[in-house]
Amino acid sequence: MPTRTRAPRRRRRNLTPVVFVAPFLLLFLLTFALPIGYAVYQSVMDVEHTGALGLGGSRTVFVGLSNYADALSDHAFVRSIGRVLLFAAVQVPVMVALSAGLALLLDSASARGVRFFRAAFFLPYGVPGVIASILWGFLYVPGVSPLVDGMSHLGISVDLLGGNTVLWSIANIVTWEFAGYNVLVLVAQLRTIPSELYEAARIDGASAWETVRHVKLPLLRPALILTTVFTIIGTLQLFAEPLVLKPVSSSIDSAYTPNLSAYNEAFTNDNYHLAAAEAVLLALAAFALSFGFLRLINKRGGDA
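Residues numbered from 1 in each chain as written. Predicted model: local features only at pLDDT ≥ 70, side-chain atom pairs only at ≥ 80, totals over all residues. Heavy atoms only, no water.

A. Local environment of the overall build of the protein. When you go through the protein residue by residue, the secondary structure sums to 13 helices and two strands. By its C-alpha atoms, the protein is 95 × 85 × 35 Å across when sized along the principal axes. Expressed as a percentage of its 304 residues, the buried residues of the protein come to 34%. Accessible area of the protein: about 18,400 Å², with a carbon and sulfur share of 67%. The positive charge centre, built from 22 side chains, and the negative charge centre, built from 18, are 21 Å apart in the protein. (Helix = DSSP H or I, 4+ residues; strand = E, 2+ residues; numbered from the N terminus. Buried < 20%, exposed > 50% of the residue type's maximum accessible area, 1.4 Å probe, protein only. Areas by Shrake-Rupley, 256 points an atom, 1.4 Å probe, with all protein chains shown as cover. Lys, Arg positive; Asp, Glu negative; His and termini not counted. Charge placed at Lys NZ, Arg CZ, Asp CG, Glu CD.)

Following this line, the structure appears as structure tokens:
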């Protein structure tokens with residue numbers, strides 16, 4: 001009799017973790033795994049028209065990697081990948097360095113009005129990307145922008161929406177939007193550092209800069225890695241800002257970024273299968289860069 005009662009209890013204990021994990025697994029399946037799987041499925045399919053002039057009907061057929069080959073042979077799409085990689089090469093270091101600097105300033109012992117500045121830094125993150133792009137668009141368009149007009153009165157001619165500058169104008173919008181979020185992540189990490197370490201540094205005669213270099217920055221490393229990975233992924237997903245600025249800048253075309261190209265293929269050209277292939281290629285690029293960065297960081301950490 002004791003053996004019989006012990007078995008159902010053991011089964012219940014074994015099922016308890018499954019019950020708690022099941023909601024997460026279900027959401028993960030519905031919102032992450034299935035959409036990715038469906039995108040991959042769409043990327044290897046295509047629509048085939050039959051009959052004279054294609055009027056005999058259409059059917060969806062398997063084409064393998066044909067859509068990927070078409071995407072990579074499209075010079076505009078390849079240029080868009082190169083453009084966002086250049087954007088990331090500049091944007092990621094600037095974003096991380098600026099966020100770390102602001103976080104260290106907010107965490108410094110002499111900081112005043114920390115709550116105000118923390119809220120002020122975070123406030124742009126609450127503004128949707130479309131609205132932020134519209135707001136900054138008014139500051140970029142000649143004849144409307146007080147910045148452009150003011151520089152013109154000073155004899156400085158600048159086109160913030162020109163071919164050589166619009167990418168960096170977009171970078172300014174992105175930095176304004178997301179730096180505050182990264183600052184909060186870094187400040188939260190700094191607040192976990194035990195005060196005893198600061199006291200020990202002061203006893204050893206460490207200056208403020210030496211405390212930052214040898215105490216704060218090493219312990220800030222996990223948060224810096226996290227914000228860097230988020231920034232890498234975010235820069236590759238660049239979409240809303242160029243889409244909003246496209247009507248006011250002749251330098252932004254329908255394939256200015258990979259996301260914009262996929263959007264145009266899907267909703268302008270009705271080529272959902274090619275759009276899916278471009279989206280999958282972008283996801284693979286984000287995966288490769290993110291995990292490549294993590295591998296590099298872990299290797300350096302192991303060597304150290």
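B. Structural view of a nonpolar patch on the surface. Taken together, the side chains of Phe20, Val21, Phe24, Leu25, Phe28, Phe32, Ile36 and Val40 make up a nonpolar region of the molecular surface, amounting to roughly 800 Å² of accessible area. Locating phenylalanine 24 in the fold gives a position in helix H1 (residues 2-43). On the basis of relative accessible area, phenylalanine 24 is assigned to the exposed category, the value being 53%. (Patch = residues over 30% accessible without salt bridge, like charges linked within 9 Å, V, L, I, M, F, W, Y side chains within 5 Å. Salt bridge = Lys/Arg side-chain N within 4 Å of Asp/Glu carboxyl O.)

C. Region of the structure containing the side chain of threonine 228. If you trace the backbone, threonine 228 turns up in helix H10 (residues 221-236). Excluding residues within four positions of it along the chain, threonine 228 makes contact with Val92, Val96 and Phe293. (Contact = heavy atoms within 4.5 Å.)

D. Up close: the packing of helix H3 (residues 75-107) against H10. Interaxial distance between H3 and H10 falls to 9 Å at its minimum, and their mutual angle equals 145°. Note on packing geometry: the crossing formed by H3 with H10 is right-handed. Counted together, Val84, Leu85, Phe87, Ala88, Gln91, Val92, Met95, Val96 and Ala100 of H3 and Leu224, Thr228, Thr231, Ile232, Thr235 and Leu236 of H10 form the full contact between these two elements. Along the lines of polarity and charge, the residues of the contact of H3 with H10 split into 11 nonpolar, four polar and no charged. (Axes fitted to C-alpha atoms, helices over the stretch in contact; angles between N-to-C directions. Left-handed = near helix turned anticlockwise from the far one by under 90°. Nonpolar A, V, L, I, M, F, W, Y, C, P; charged D, E, K, R; others polar.)

E. Here's a closer look at the packing of aromatic side chains. Inspection of the entire model under this criterion finds 14 aromatic pairs. Ring geometry for tyrosine 263 versus phenylalanine 267: centroids 5.2 Å apart, planes at 50°, classification tilted. Of this pair, tyrosine 263 and phenylalanine 267 both sit in helix H12 (residues 258-267), four residues apart, which is roughly one turn of the helix. Under the relative-accessibility criterion, phenylalanine 267 is labelled exposed at 56%. Ring centres of phenylalanine 267 and tyrosine 272 lie 6.3 Å apart, and the angle between their planes is 85°; this geometry places the pair in the edge-to-face category. (Phe/Tyr/Trp six-rings, centres within 6.5 Å; stacked < 30°, edge-to-face > 60°.)

F. How the structure looks around the layout of surface pockets. Put simply, the largest pocket is a space of about 780 Å³. When residues of the lining of the largest pocket are traced back to their parent elements, those giving at least two are H1, H12 and helix H13 (272-303). A total of 13 residues in the lining of the largest pocket trace back to one element, the largest contributor, which is H13. Residue composition of the lining of the largest pocket, grouped by class: 23 nonpolar, four polar and no charged. Approximately 350 Å³ is the volume attributed to the second largest pocket. Around the second largest pocket sit 16 residues that line it, and Phe178, Phe230, Ile233, Gly234 and Thr235 are the ones nearest its centre. Taken together, the elements giving at least two residues each to the lining of the second largest pocket come down to helix H7 (166-190), H10 and helix H11 (240-245). Examining the composition of the lining of the second largest pocket, we find that five residues originate from one element, H10, more than from any other. A breakdown of the residues in the lining of the second largest pocket according to their chemical character gives nine nonpolar, six polar and one charged. (1 Å grid on protein atoms, 1.4 Å probe; cavity = no way out; pocket = protein on both sides within 12 Å on 5 of 7 lines; lining within 4 Å. Points joined across faces, edges and corners; volume = space filled by probe spheres on them.)

G. A look at the side chain of threonine 227. Summarising the element assignment, threonine 227 is placed in helix H10. Take threonine 227: its relative accessible area is 2%, and that puts it in the buried class. If sequence neighbours within four positions are ignored, threonine 227 has contacts with Asn182, Val185 and Leu186.

H. Representation of the environment of valine 130. Inspection of the secondary structure assignment puts valine 130 in helix H5 (residues 129-140). Judged by its relative accessible area of 42%, valine 130 is partly exposed. Between the C-alpha atom of valine 130 and that of leucine 184, which follows or precedes it by 54 residues, the distance is 22 Å. For valine 130, the residues in contact, after removing those within four places along its chain, are Ala240 and Val244.

I. A look at helix H2 (residues 66-73). Listing the buried residues of H2 in full gives Asn67, Tyr68 and Ala71. Around the axis of H2, the buried residues are gathered within 100° of arc, so they sit on the same side. (Arc of directions from axis to C-beta.)

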